Amino acid sequence: MRPAHSSAHALPLDDRLFQKPFYVTHAGWEKVAPRQTYPRPGHPSYYQFKWEDGRVLGEFLLSYVVSGKGELHTRQGRQSLRAGDAFLYQPGEWHRHRPLAASGWSIMWINFNGSLPHSWLEEGNFQLEKNLVCLADRKLFASQFRRLVESVDAADSRNSLQFSWQAIGLLSHFLADANAPAFNRTEKKSSGDPVVDLAMDFIWSQSHNRIGVADVARHAGVNRRTLERHFRMSSQSTPLGEIQRSRTARAALLLRETDVPVKYIIGRAGFTDYQGMRQAFQQQFKMGPKNYREKQRGAAAGKF
């Protein structure tokens, strides 16, 4: 970031861009010092808001907290924000957000619209925890976000299709894989512990990404030691064991229901190498992935 405290650009929309299925309308970043007044002045009137009133926009808003802490409010309730969080508001959703007075924050944002993100929203393709975006690679997401905001800053408010492509790249970090077979956690019974239930839902929806126990704890709103204690008290598994079991189940589904080569299933299921996936299959099924596929295909053929 440049050593200023804020930068924001409302981008013009000519007919060429307005008719596209995806276009960026506004982008910027700002740094708010501890106990500094917020919202800060300077945004176009359409994007300004008073905390007591909140705001409703006719477009999507995606933000990323670079540093500090904050909170967001919607009709669904309040959510805490910390460095590394991304959050999304949809068109027509009442919202407000601010940094905590004690910490301040540095934050980036883009506004976008078009038929494409609306269709993703309607089809349930955004992977969200309420308004918080589920990210597997925060470092890459933050780098791409920063590059987009700096591109808009350098363009001096001139719009470009390049911004749209960069923004779609950001959204790809939390879009569901439309080509993957349907996969859901089979054990939907509640553990009776909301921390474990939240952790389980996150694991079984995100284990194909590069997540670890620290990521699970963060999404459950507790530290690692507390998360592991909750699992010991209310579950027969551990967070790490549940990640492994989820990845094995996803790989087994792909082996049974697709013709995707085993070498490509490794990454799609969340494993880092074949040996790790093979060990997981040996532990659960007493056979390797290739033998598992052959056995499942043979069993299916025997039904006819």
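Placed above this text is the structure.
Predicted, not measured: the structure shown is a model, and the values here were computed from it.

(A) View of the overall build of the chain. Secondary structure summary: the chain contains 11 helices and 9 strands in total. Here the chain, with 304 residues, has 48% of them falling under the buried criterion. Taking the intrachain contacts of the chain between residues at least 6 apart in sequence as the baseline, contacts between residues at least 24 apart amount to 69%. Accessible surface, the chain as shown: approximately 15800 Å² in total, 50% of it carbon and sulfur.

(B) Quick peek at helix 3 (residues 138–154). The end-to-end C-alpha separation of helix 3 is 24 Å, in line with the 24 Å expected for 17 residues at 1.5 Å each. Every buried residue of helix 3 is listed here: Arg138, Phe141, Ala142, Phe145, Leu148, Val149, Ser151, Val152 and Asp153.

(C) Examining the pairing of strand 4 (residues 77–82) more closely. Across 6 bridges, strand 3 (residues 60–74) lies against strand 4 in antiparallel orientation. Looking across to strand 4, one finds that Leu72 is bridged to Gln79. Where strand 3 folds back on strand 4, the antiparallel hairpin that results is connected by 2 residues.

(D) Fine view of the pattern of salt bridges. Enumeration over the complete set of coordinates arrives at 6 salt bridges. In this structure, Arg78 and Glu71 form a salt bridge, with 2.6 Å as the shortest nitrogen-oxygen distance. Using a relative accessible area of 8% as the deciding quantity, one classes Glu71 as buried. Residues participating in the shared-partner salt-bridge network are Glu71, Arg78 and Arg98.

(E) Summary view of the environment of Asp201. The topology assignment puts Asp201 in helix 5 (residues 194–206). Taking the relative accessible area as the measure of exposure, Asp201 reaches 38% and is therefore partly exposed. For Asp201 and Val216, which are 15 residues apart along the polypeptide, the C-alpha to C-alpha distance reads 9.7 Å.

(F) Local environment of the side chain of Arg96. Tracing the chain through its elements places Arg96 in strand 6 (residues 95–99). Glu52 provides the closest opposite charge to the buried, salt-bridge-free Arg96, at an N-O distance of 6.7 Å. Among the polar contacts made by the side chain of Arg96, one reaches the main-chain carbonyl oxygen of Trp51 at a distance of 2.7 Å. In contact with Arg96, other than residues within four places in its own chain, are Phe49, Trp51, Glu52, Gly54, Glu71, Leu72, His73 and Tyr89.

(G) Structural view of the packing of aromatic side chains. Per the counting criterion, the structure on display carries 14 aromatic pairs. A centroid spacing of 5.5 Å and a plane angle of 65° characterise the contact between Phe87 and Tyr89, whose relative ring orientation is edge-to-face. The buried category is assigned to Phe87, whose relative accessible area is 0%. On the accessibility criterion, Tyr89 (1% relative accessible area) is buried. The interplanar angle of 80° and the centroid separation of 5.7 Å between the aromatic rings of Phe141 and Phe145 together place this pair among those described as edge-to-face. In this pair, Phe141 and Phe145 are both assigned in helix 3, 4 residues apart and thus about one turn of the helix distant. There is no split in this pair, since Phe141 and Phe145 are both buried. The rings of Phe22, Phe60, Phe112, Trp120, Phe126 and Phe174 are connected pair by pair, giving a single aromatic cluster. Here Arg75 stacks its cationic end above the ring of Trp94, 4.5 Å away from the centre of that ring. One cation-aromatic arrangement involves Lys290 over Tyr274; the distance from NZ or CZ to the ring centre is 5.9 Å.

(H) Representation of helix 5 in the model. Spanning 13 residues, helix 5 covers 18 Å between terminal C-alpha atoms, matching the ideal 18 Å at 1.5 Å per step. Of the residues making up helix 5, those classed as buried are Val195, Val196, Asp197, Ala199, Met200, Phe202, Ile203, Trp204 and Gln206. Between a side-chain oxygen at the N-terminus of helix 5 and the backbone nitrogen of Val195 the separation is 2.9 Å; the capping residue is Asp193.

(I) The packing of helix 5 against helix 7 (residues 224–234), seen in detail. Running from N to C, helix 5 and helix 7 point in directions that differ by 105°, and their axes come no closer than 9 Å. As far as their axial angle goes, helix 7 and helix 5 are roughly perpendicular. Between helix 5, through Val195, Val196, Ala199 and Met200, and helix 7, the contact on the second element is made entirely by Leu227, His230, Phe231 and Ser234. Looking at the contact of helix 5 with helix 7, its residues break down into 6 nonpolar, 2 polar and no charged.

Reading guide: rules and limits
- Residues numbered from 1 in each chain as written.
- Predicted model: local features only at pLDDT ≥ 70, side-chain atom pairs only at ≥ 80, totals over all residues.
- Heavy atoms only, no water.
- Helix = DSSP H or I, 4+ residues; strand = E, 2+ residues; numbered from the N terminus.
- Buried < 20%, exposed > 50% of the residue type's maximum accessible area, 1.4 Å probe, protein only.
- Contact = heavy atoms within 4.5 Å.
- Areas by Shrake-Rupley, 256 points an atom, 1.4 Å probe, with all protein chains shown as cover.
- Expected span 1.5 Å × (residues − 1).
- Pairing = 2+ DSSP bridges.
- Salt bridge = Lys/Arg side-chain N within 4 Å of Asp/Glu carboxyl O.
- Lys, Arg positive; Asp, Glu negative; His and termini not counted.
- Polar contact = N/O pair within 3.5 Å; in protein donor to acceptor, adjacent residues only side chain to side chain.
- Phe/Tyr/Trp six-rings, centres within 6.5 Å; stacked < 30°, edge-to-face > 60°.
- Lys NZ or Arg CZ within 6 Å of the ring centre and 35° of its normal.
- Axes fitted to C-alpha atoms, helices over the stretch in contact; angles between N-to-C directions.
- Parallel < 35°, antiparallel > 145°, perpendicular 65-115°, else oblique.
- Nonpolar A, V, L, I, M, F, W, Y, C, P; charged D, E, K, R; others polar.

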